[in-house]
Amino acid sequence: MTLEQLIQYLKSQPDFLSNVTHWQVVPEQAAEYADFPDSVDSRLKKALETKGIRRLYSHQAEAYRQVRSGNHVVLVTPTASGKTLGYNLPVLNRILEDPESRALYLFPTKALAQDQYHELHDLTGKLDVDIKTYTFDGDTPVSARQAIRRAGHIVMTNPDMLHQGILPHHTIWLKLFENLRYVVIDEVHTYRGVFGSHLANVLRRLKRIARFYGSDPQFICCSATIANPKELAEKIVEAPVELIDRNGAPRGRKHYILYNPPVVNRELGIRRSVLSEVNRLARLFLETGVQSIVFARSRVRVEVLLRYLKEQARSLHLPQNRIRGYRGGYLPLERREIEQGLRSGEVLSVVSTNALELGIDIGQLDVAVMAGYPGSIASAWQQAGRAGRRSTTSLAIMVASSSPLDQYIINHPEYFFEKSPEHGIVDPDNLLILMSHLKCAAFEIPFREDEVFSPVATREVLDYLADKSVLRKSGDKYHWMSEIYPAEEVSLRSASPDNVVIIDTTRDDSVIGETDLFSAPMLVHQEAIYMHGSLQYHVDKLDWERKKAYVRQVDLDYYTDAITKTDIKVLSVDEEKPRGQVGLVFGEINVNMVTTGYKKIKLFTHENVGSGRVFLPEIEMATSAFWIDLPADCAGLLGIAASELSSALQAVANLLRNIAPVYLMCDPSDIRAVPMVRSPFSQLPVVYLYDNFPGGVGLSFKMFNDPRPTLEGCLRLVSGCACEAGCPSCTGPALEIGETAKRYAQKLLTFVLQQIENS
Ligand SMILES: [Zn+2]
């Protein structure tokens with residue numbers, strides 16, 4: 001049976017159809033080709049021809065033309081539309097014309113750089129000319145580094161390595177910087193919020209060093225679909241960028257299905273579990289022999305689903321290794337092997353977290369299944385985009401969980417199909433981020449007095465650093481004073497660099513995986529059932545000090561799910577502004593997360609079959625926060641039932657999370673908003689907004705200095721939203737926050753704004 005026949009079959013099944021809330025078909029689209037432009041070197045054309053490429057897609061030709069005419073570009077076309085050739089073509093052509101030319105490719109992760117390396121290397125290997133391409137990251141052996149610096153035509157790396165391993169050592173990268181013609185930034189949409197603000201400053205440093213050596217590189221960016229790719233690229237590159245978004249690659253017909261599992265308990269509104277439904281659907285795909293990817297929202301769910309699918313494969317007499325799992329924590333070698341298996345077709349089905357959402361090349365599959373809404377529209381489109389053949393039909397299906405957010409999406413298909421995806425926002429002039437990079441830049445090359453690094457505050461920050469004796473001013477130049485490399489103290493990402501390694505004691509104490517420090521208490525606490533490649537391991541011991549978890553292979557009928565608790569403690573109040581009956585406060589807080597226990601959940605039936613307690617140290621993060629102290633009797637003052645205050649506060653916190661990133665110019669994940677009906681610190685109802693980075697990066701301080709536009713934005717959003725009693729775009733779905741929350745949130749916001757305005 002083909003996928004087309006399977007779709008026909010599903011259409012004839014009333015049982016299946018009764019759970020479908022929306023079925024949309026996007027018709028096929030023919031390719032738009034363009035001939036190779038005359039200026040393309042014949043050797044390059046020949047090499048491409050051996051790979052079967054005799055013509056270009058229109059967007060590739062357009063990218064080539066724009067780059068040739070000296071413009072910066074951003075290329076926005078779907079996965080597998082040949083984006084890579086869009087930048088490789090102009091870059092390789094330039095190197096053929098002028099073998100001294102150099103290019104730097106930036107990928108958000110090491111894995112992506114290595115993936116693209118293989119593709120590029122395959123192409124350059126077909127040229128008669130020796131074009132040297134290298135990846136340069138933490139794994140690059142010291143012995144190879146000198147050759148890369150001297151001879152690498154194309155160096156493929158990540159922003160962290162550029163920041164800490166290349167820019168501070170520019171003198172030994174002389175050859176690269178003197179001849180740097182192109183900087184390729186792939187997956188530019190991942191550089192949002194604080195990470196993106198850091199990258200913009202890293203690029204300021206890069207351009208500054210390039211200028212020093214007399215080069216002025218062009219930027220070629222690629223992005224997945226976001227609402228504002230051109231604007232984001234221009235903010236990061238800080239120059240006008242040409243947008244290329246007309247896809248010339250052919251596409252087969254594609255079906256999108258939204259599927260809501262049937263209700264099993266009317267009173268409680270509980271639906272059949274996503275995992276069981278996905279398991280049933282997956283069987284159809286396995287039987288049909290179509291290649292599929294299943295996305296699950298957590299690592300545990302990946303492993304549970306993987307186990308189910310392997311069971312299915314067994315009953316269908318399919319070899320076990322045709323069904324694979326994929327997620328962070330699998331070792332690189334295993335991941336490469338799975339990616340390769342997907343490309344070759346050897347792997348029939350893969351169950352993955354959002355780790356496979358990014359541009360890692362796994363080819364195009366027939367079916368993408370989302371086990372639950374992935375949380376953002378951009379992610380949902382990325383995941384759905386993994387299915388899509390050039391000439392045949394493909395299918396993307398989203399199966400909703402009982403969660404209010406999922407239920408909202410599944411019942412409002414227009415939200416998914418018509419709402420534009422999220423905006424990418426950056427703020428390169430965020431004072432703390434800017435200051436960090438000014439230090440790095442001053443270390444790299446002394447600053448001239450009249451030099452402009454950031455358009456807003458270069459000179460002021462330099463003088464401040466000179467005052468603090470970080471820099472020394474002599475004549476009209478600022479020099480770096482300290483012995484240390486400033487870049488070592490600046491991390492571009494929030495995640496902790498430490499990992500916990502997972503050691504299998506069943507056989508020979510081999511390392512089977514790793515997990516980041518923040519997830520370790522949830523995944524590998526003592527007594528946890530850790531699942532890896534669908535095998536179960538019992539965690540005998542978590543050695544927190546040495547960052548090691550010792551596990552033993554077991555065969556049980558349950559898995560574990562950790563119970564965690566987050567708490568906020570005020571450490572200090574730094575500034576306070578009383579406004580009428582409310583107080584606006586800025587200070588330091590401690591955010592504590594602790595795993596207190598776990599539930600045992602039976603496989604297949606998902607019954608809760610027991611629990612246990614866990615004693616682990618709290619994971620702490622001290623950060624800065626802005627908060628609003630509300631009057632003690634605020635419920636009474638506003639005519640809100642005391643029992644409803646908590647949901648009204650939650651609604652305001654949800655609104656803040658939606659709106660604050662716009663005014664703070666950050667990514668939603670850079671901040672957190674948390675309500676408390678009665679704060680242990682002030683005994684008052686409070687809404688906190690804090691920086692989701694250790695030490696803070698100045699976001700909540702910005703909010704404290706001028707909260708009005710954000711609060712007004714929240715009020716405008718909730719008042720103007722067409723929903724009846726709350727939706728994911730405003731206060732959160734009514735099912736989650738209660739029927740009155742939308743109304744009361746408006747009251748609460750109006751009240752706070754009145755207090756601010758009248759004083
Ligand atoms: Zn709404």
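Residues numbered from 1 in each chain as written. Predicted model: local features only at pLDDT ≥ 70, side-chain atom pairs only at ≥ 80, totals over all residues. Heavy atoms only, no water.

Trainee: Go over the overall build of the chain with me, naming the residues and quoting the values.
Mentor: Check the secondary structure of the chain and you find 26 helices and 32 strands. With the C-alpha coordinates of the chain rotated into their principal frame, the extents come out at 75 × 75 × 55 Å. Out of the 759 residues in the chain, the part that is buried amounts to 55%. Taking all contacts inside the chain whose residues are at least 6 apart in sequence as the whole, residues at least 24 apart take part in 71%. Accessible area of the chain: about 31,600 Å², with a carbon and sulfur share of 49%. Seen as two clouds, the 84 positive and the 91 negative side-chain charges of the chain have centres 3 Å apart. (Helix = DSSP H or I, 4+ residues; strand = E, 2+ residues; numbered from the N terminus. Buried < 20%, exposed > 50% of the residue type's maximum accessible area, 1.4 Å probe, protein only. Contact = heavy atoms within 4.5 Å. Areas by Shrake-Rupley, 256 points an atom, 1.4 Å probe, with all protein chains shown as cover. Lys, Arg positive; Asp, Glu negative; His and termini not counted. Charge placed at Lys NZ, Arg CZ, Asp CG, Glu CD.)

Trainee: Outline the domain arrangement of the chain, supporting the account with residue identities and numerical values.
Mentor: Often, the extent of an interface is quoted as the loss of accessible area on bringing the components together. Split by domain assignment, the chain resolves into domain 1 (3–27 + 251–418), domain 2 (33–244), domain 3 (431–489), domain 4 (499–556) and domain 5 (570–757). A straight line from the C-alpha centre of domain 1 to that of domain 4 covers 28 Å. The interface of domain 1 with domain 4 comprises 12 residues on the first partner and 15 residues on the second. Between domain 1 and domain 4, a total of about 1,000 Å² is buried, with carbon and sulfur atoms accounting for 53% of that surface. Ranking the residues of domain 1 by area buried against domain 4 places Arg 299, Arg 307 and Leu 331 at the top, with a combined share of 45%. Taken together, the links from domain 1 to domain 4 amount to 1 salt bridge. (Domains from an automatic or database assignment. Buried area = accessible area lost by both parts, 1.4 Å probe. Salt bridge = Lys/Arg side-chain N within 4 Å of Asp/Glu carboxyl O.)

Trainee: I'd love a proper account of the environment of Ala 63, names of residues and values included.
Mentor: When you line up the elements, Ala 63 lands in helix H4 (residues 58–68). By relative accessible area, which is 1% here, Ala 63 ends up buried. For Ala 63 and Gly 86, which are 23 residues apart along the polypeptide, the C-alpha to C-alpha distance reads 5.8 Å. What Ala 63 contacts, discounting residues up to four positions off in sequence, is Gly 86 and Ile 244.

Trainee: For the environment of Ala 562, give the residues involved together with the corresponding values.
Mentor: Mapped onto the elements of the fold, Ala 562 is located in strand S27 (residues 558–579). Overall, Ala 562 belongs to the partly exposed group, its relative accessible area being 22%. Once the C-alpha coordinates of Ala 562 and Ala 528 are considered, the two residues, 34 residues apart in sequence, prove to be 8.1 Å apart. Residues contacting Ala 562, with those up to four places away along its chain left out, are Met 522, His 525, Thr 595, Gly 597 and Tyr 598.

Trainee: Tell me what's going on with the packing of helix H22 (residues 645–664) against helix H26 (residues 741–757), and back it up with residues and numbers.
Mentor: Close contact between H22 and H26 brings their axes to 8 Å; oriented N to C, the two are set at 75°. Put simply, H22 runs roughly perpendicular to H26. Residues Ser 647, Ala 648, Leu 649, Ala 651, Val 652 and Leu 655 of H22 pack against Ala 741, Tyr 744, Ala 745, Leu 748 and Leu 749 of H26. (Axes fitted to C-alpha atoms, helices over the stretch in contact; angles between N-to-C directions. Parallel < 35°, antiparallel > 145°, perpendicular 65-115°, else oblique.)

Trainee: Report on the side chain of Arg 145, specifying residues and quantitative values.
Mentor: Within the element layout of this structure, Arg 145 appears in helix H7 (residues 142–151). A polar contact is formed between the side chain of Arg 145 and the backbone oxygen of Asp 137, at a distance of 3.3 Å. (Polar contact = N/O pair within 3.5 Å; in protein donor to acceptor, adjacent residues only side chain to side chain.)

Trainee: Which residues make up the pattern of salt bridges, and what values go with them?
Mentor: Using the criterion set out here, one finds 34 salt bridges in the structure. Note that Glu 303 is salt-bridged to Arg 327, the shortest N-O span being 2.9 Å. Taken together, the residues Glu 303 in helix H13 (residues 299–315) and Arg 327 in the loop between strand S15 (323–326) and helix H14 (332–344) connect sequence positions 24 residues apart. For Asp 463, the salt bridge is made with Arg 459, and the minimal N-O distance between the two is 3.8 Å.

Trainee: Which residues make up H7, and what values do they have?
Mentor: Turning to H7, its buried residues number three or more, namely Arg 145, Ile 148 and Arg 149. The arc enclosing the buried residues of H7, seen along the axis, measures out at 95°, which places them on a common side. Exposed and oriented more than 90 degrees from the buried face of H7 are Ser 143, Gln 146 and Arg 150. Structurally, H7 contributes buried residues whose contacts are with strand S6 (133–135), strand S7 (154–157), helix H8 (159–166) and helix H9 (174–178). (Arc of directions from axis to C-beta.)

Trainee: How would you explain the sheet that holds S15 if you had to name every residue and give the values?
Mentor: Here 7 strands make up an open sheet; going across it, the order is S1-S11-S18-S17-S14-S16-S15 and the pairing mixed. Here the strands that pair on one side only, and so sit at the sheet edges, are strand S1 (20–26) and S15. Averaged over all pairs of adjacent strands, the angle between strand axes in this sheet comes to 15°, irrespective of strand direction. In this structure, strand S14 (residues 292–296) lies alongside strand S17 (residues 367–371), joined through 5 bridges in parallel fashion. Residue pairing in the sheet places Val 294 in a bridge with Val 369 of S17. Here helix H12 (residues 274–288) sits on the sheet in contact with strand S11 (254–259), S14, S15, strand S16 (349–352), S17 and strand S18 (394–399), set at roughly 165° to S18. Relative to S17, helix H15 (residues 377–384) is tilted by about 145°, and along the sheet it contacts S11, S14, S17 and S18. (Pairing = 2+ DSSP bridges.)

Trainee: How would you explain the nonpolar core if you had to name every residue and give the values?
Mentor: Ranked by internal contacts, the top residues of the largest apolar core, which has 93 residues, are Leu 89, Val 91, Tyr 105, Ile 154, Leu 305 and Leu 356. Of the residues forming this core, the biggest block, 8 residues, is contributed by H12. In this structure, this core is formed jointly by two domains, domain 1 (3–27 + 251–418) and domain 2 (33–244), each of which donates at least three residues. Apart from residues lying up to four places away in sequence, Ile 154 is in contact with Val 91, Leu 92, Ile 95, Ala 103, Tyr 105, Leu 120, Lys 132, Thr 133 and Tyr 134. Counting residues in hydrophobic clusters, the runner-up holds 67 residues, among them Ala 396, Ala 651, Ala 673 and Ala 745. (Core = buried A, V, L, I, M, F, W, Y, C linked by side-chain atoms within 4.5 Å.)

Trainee: Tell me about the environment of Lys 439, and name the residues and values.
Mentor: Note that Lys 439 resides in helix H18 (residues 431–444). Along the sequence, Lys 439 and Val 470 sit 31 residues apart, while their C-alpha atoms lie 8.1 Å from each other. Those residues in contact with Lys 439, other than ones at most four positions away along the chain, are Leu 465, Val 470, Trp 480 and Pro 486.

Trainee: Which residues make up the sheet that holds strand S21 (residues 477–480), and what values do they have?
Mentor: Taken in spatial order, the 3 strands line up as S19-S21-S20 in an open sheet, and their pairing is antiparallel. With one partner strand each, in any of the chains shown, strand S19 (447–448) and strand S20 (471–474) form the two edges of the open sheet. Both S19 and S21 contribute to a ladder of 2 bridges, which runs antiparallel. Each residue of the ladder has a partner; that of Phe 447, found in S21, is Tyr 478.

Trainee: Lay out helix H6 (residues 110–124) with the relevant residues and their values.
Mentor: Compared with the 21 Å implied by 1.5 Å per residue over 15 residues, the 21 Å span of H6 between its first and last C-alpha is a close match. The set of residues buried in H6 consists of Ala 111, Leu 112, Ala 113, Asp 115, Gln 116, Tyr 117, Leu 120, Leu 123 and Thr 124. Summarising the contacts, the buried residues of H6 are in contact with helix H3 (42–50), helix H5 (83–97), strand S5 (102–106), S6, S7 and H14. Of the residues that open H6, the one with a side-chain oxygen 3.2 Å from the backbone nitrogen of Leu 112 is Thr 109. (Expected span 1.5 Å × (residues − 1).)

Trainee: How would you sum up the packing of aromatic side chains? Please name residues and give values.
Mentor: Tallied over the full model, the rule gives 20 aromatic pairs. Measuring from centroid to centroid gives 5.3 Å for Phe 16 and Tyr 259, while their planes differ by 35°, and the two rings are tilted. Taken together, the residues Phe 16 in helix H2 (residues 14–17) and Tyr 259 in strand S11 connect sequence positions 243 residues apart. Pair check on accessibility: Phe 16 and Tyr 259 agree, each one buried. A ring pair is formed by Tyr 256 and Trp 381, whose centres lie 5.4 Å apart and whose planes are at 70°; its orientation type is edge-to-face. In this pair, Tyr 256 sits in strand S11 while Trp 381 sits in helix H15, placing the two residues 125 residues apart along the sequence. An aromatic cluster of three or more residues is present, and its members are Phe 586, Phe 626, Phe 701 and Phe 704. (Phe/Tyr/Trp six-rings, centres within 6.5 Å; stacked < 30°, edge-to-face > 60°.)

Trainee: Which residues make up unusual backbone geometry, and what values go with them?
Mentor: Unusually for a residue other than glycine, Glu 187 sits at a positive phi of about 55°. Relative to the helices and strands, Glu 187 is located in the loop between strand S8 (180–185) and helix H10 (193–212). Looking at Glu 187, the relative accessible area reads 9%, which means it is buried. The backbone of His 317 shows a phi angle near 60°, a positive value even though the residue is not glycine. Tracing the chain through its elements places His 317 in the loop between H13 and S15.

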